[in-house]
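# An overview of the molecular structure
Next come the chains, spelled out residue by residue.
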2 protein chains.
Amino acid sequence: MSEQTRPAKLGRLATYAGRSLEVLRDMILDGTLAPGERLNEVHLSQALGISRGPLREAIQRLASEGLVEAVTHRGVYVRSFSPRELSDLYELRIALETHAVRLAARHAPEERIEELSRLLDHTESSMGVDTTGAYPADQDFHARLAGLAAKPPLVVALTDVGRKIQLARARSAHQPRRARTALDEHRAIVTALTSRDGDHAAALIEAHLVSSLNNALAVLGTEETD
Amino acid sequence: MSEQTRPAKLGRLATYAGRSLEVLRDMILDGTLAPGERLNEVHLSQALGISRGPLREAIQRLASEGLVEAVTHRGVYVRSFSPRELSDLYELRIALETHAVRLAARHAPEERIEELSRLLDHTESSMGVDTTGAYPADQDFHARLAGLAAKPPLVVALTDVGRKIQLARARSAHQPRRARTALDEHRAIVTALTSRDGDHAAALIEAHLVSSLNNALAVLGTEETD
DNA sequence: GAACTGACAACTGTCAACAGTTTTCTATAT
DNA sequence: ATATAGAAAACTGTTGACAGTTGTCAGTTC
């Protein structure tokens, strides 16, 4: 009767391939599987407790998402991005996100914008203690912002490029100092949206992303191989 | 010694999964597999002469590309797009392609632009007889145009949205009359690029895509179910 | 005649074993 | 000692079979 008593080995997705995709993607994005690292099918399937079939299906999707690179008969590797590639990704993201924010300024319903504002309030209050989780909050903000444009293909495109950027930034997670600045920048964007000033919001988003990129590049530059 | 004497059952990709992906994608994009149609794994694997394993891997990639929709335990279906969805896809494409063309106007080397111009000459001359192949030529032009921006992520994004648009337009392939117009519009874009006028080129691209969209919407509107 | 029940068929999800390739290691020769 | 050739190990690509779910259809009940 109850949902709890079913096999439950599979989560909500009800398929090993689907669950493996999410697990692997998380492992890649949080650095458990480092850029350049090889994905051994046998080891991974044993670690996940499944066979190679569904695992390979998950890997195909990761390859399609551009998070891993598959070389025939030679294995799949976690992608690694050069600073130049990171810049290019950000440039694309800027093009997409400025477009999204202009649409949002014109068409987003008042309440959805207020929702976003409240989200920032919540982020700020829970940030007083420590900035852990500041990066997820940042991602959440940008995802909701994209949603305000109400154009599914745009959300898809931004999700795609966002994941690659997250991987490219890899271990250079947000720094505590930057979290504060980012929050202020987010607020300014929401304010511009509230006053329906698309051009201003777009300019703010661009500046925000540029400094985010510069921050990432700086971290990558100073970071020496351990 | 020679490449020809190897098993050769597999083409250049050397893997059933990779080849199946391309075959299936072509079948979807040329309408052999119609929107809404179900992909039966057993039938398809027999038709392709392979087992279900590599076939399923190919299908996962198609799902990731947004060309098919997978429903757990219920099969995968070729995606179908509403006019509204087609419009949204075009809007995204406009945002991306105007961005690309601005970059091209600023940075593309002279010779690459001339190359594009010669491509149009060739298209025009081989179009005198019949307009078959006008649509591939159009796609080729846009692909090369995106390439001029020299930003790989931008090319990837445009390829993704381009494929979906191609599927959404499905059987509404280019009309002979429009082929001529499109060629003229392409020429105007190249001319603007030659004079390094990014804004003008962007405006022309936008107009070109809008009329392309309108053409597609008109065809979809008048087209009744056979 | 319509709605329900249960068996049957079809199909998707998964697994374990096989085949072919690449890599590694060892033994041999220079 | 270095380089080389060959065998062994490790791994990817593929297959055929099994398991569980969904959909179908005949038979039954109201």
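Let us look at the structure shown here. (Residues numbered from 1 in each chain as written. Chains lettered and ligands numbered in written order. Predicted model: local features only at pLDDT ≥ 70, side-chain atom pairs only at ≥ 80, totals over all residues. Heavy atoms only, no water.)

Here the focus is the interface of chain B and chain A. Listed per partner, the contact involves 28 residues of chain B and 28 residues of chain A. The junction of chain B with chain A conceals about 2,300 Å² of combined surface from both sides, 53% of it contributed by carbon and sulfur atoms. Contact with chain A buries surface across chain B, with Glu57(B), Gln60(B) and Arg61(B) losing the most and accounting together for 24% of the total. Counting the contacts that link chain B with chain A gives six salt bridges. Among the salt bridges present, the one from Asp88(B) reaches Lys151(A), with a minimum N-O distance of 3.3 Å. Seen at the junction of chain B and chain A, the total is 13 residue pairs in polar contact (both at pLDDT 80 or more). Mapped onto the side of chain B that touches chain A, the elements with two or more residues apiece are helix 3 (52–65), helix 4 (83–107) and helix 7 (152–169) of chain B. When residues in the side of chain B that touches chain A are grouped by element, the largest group, nine residues, is from helix 4 of chain B. By residue class, the composition of the side of chain B that touches chain A is 14 nonpolar, four polar and 10 charged. (Contact = heavy atoms within 4.5 Å. Buried area = accessible area lost by both parts, 1.4 Å probe. Salt bridge = Lys/Arg side-chain N within 4 Å of Asp/Glu carboxyl O. Polar contact = N/O pair within 3.5 Å; in protein donor to acceptor, adjacent residues only side chain to side chain. Helix = DSSP H or I, 4+ residues; strand = E, 2+ residues; numbered from the N terminus. Nonpolar A, V, L, I, M, F, W, Y, C, P; charged D, E, K, R; others polar.)

Let us now look at the protein's contact with DNA strand D. Close to DNA strand D lie 21 residues, the nearest being Asn40(A), Arg52(A), Arg56(A), Tyr16(B) and Ser51(B). For DNA strand D, a phosphate oxygen lies 3.5 Å from a polar atom in the side chain of Arg74(B). Looking at the surface near DNA strand D, the elements with two or more residues in it are strand 1 (38–39), helix 2 (41–48) and helix 3 (52–65) of chain A together with helix 1 (16–29) and helix 3 of chain B. A breakdown of the residues in the surface near DNA strand D according to their chemical character gives six nonpolar, nine polar and six charged. (Near = heavy atom within 4 Å.)

Another aspect to go through is unusual backbone geometry. Phi is positive for His73(B), close to 65 degrees, though the residue is something other than glycine. For His73(B), a relative accessible area of 79% gives the class exposed. (Buried < 20%, exposed > 50% of the residue type's maximum accessible area, 1.4 Å probe, protein only.)

Moving on: the relation of the copies chain B and chain A. For the pair chain B and chain A, the best superposition has an RMSD of 0.0 Å and corresponds to a rotation of 180 degrees with a translation of 0.0 Å parallel to the axis. What the rotation and shift describe, once combined, is the action of a two-fold rotation axis. Both copies share a contact surface, since 100% of the interface residues of chain B are interface residues in chain A too. (Least-squares fit on C-alpha atoms with pLDDT ≥ 70 in both.)

Let us now look at helix 8 (residues 176–194) of chain A. Every α-helix winds through 3.6 residues per turn, so residues three or four apart in the chain are directed the same way. Residues and elements named next belong to chain A. Given a rise of 1.5 Å per residue, 19 residues ought to cover 27 Å, and the 28 Å separating the end C-alpha atoms of helix 8 matches this to within 8%. Where helix 8 is concerned, the buried positions are Arg 178, Ala 179, Ala 182, Leu 183, His 186, Ile 189, Val 190, Ala 192 and Leu 193. On the buried face of helix 8, the contacting elements are helix 4 (83–107), helix 5 (110–125), helix 6 (134–148) and helix 9 (198–222). Just downstream of helix 8 lies Arg 196, where phi reads positive at about 55 degrees. (Expected span 1.5 Å × (residues − 1).)

Our next topic: the sheet that holds strand 3 (residues 75–78) of chain B. Residue and element names in this part refer to chain B. The strand order across the open sheet built from three strands is 1-3-2, with neighbouring strands paired in antiparallel fashion. Whereas interior strands pair on both sides, the edge strands pair on one side only; in this sheet they are strand 1 (38–39) and strand 2 (68–71). Bridge count between strand 1 and strand 3: two bridges; the pairing is antiparallel. Within the sheet, the bridge partner assigned to Arg 38 lies in strand 3 and is Tyr 77. (Pairing = 2+ DSSP bridges.)

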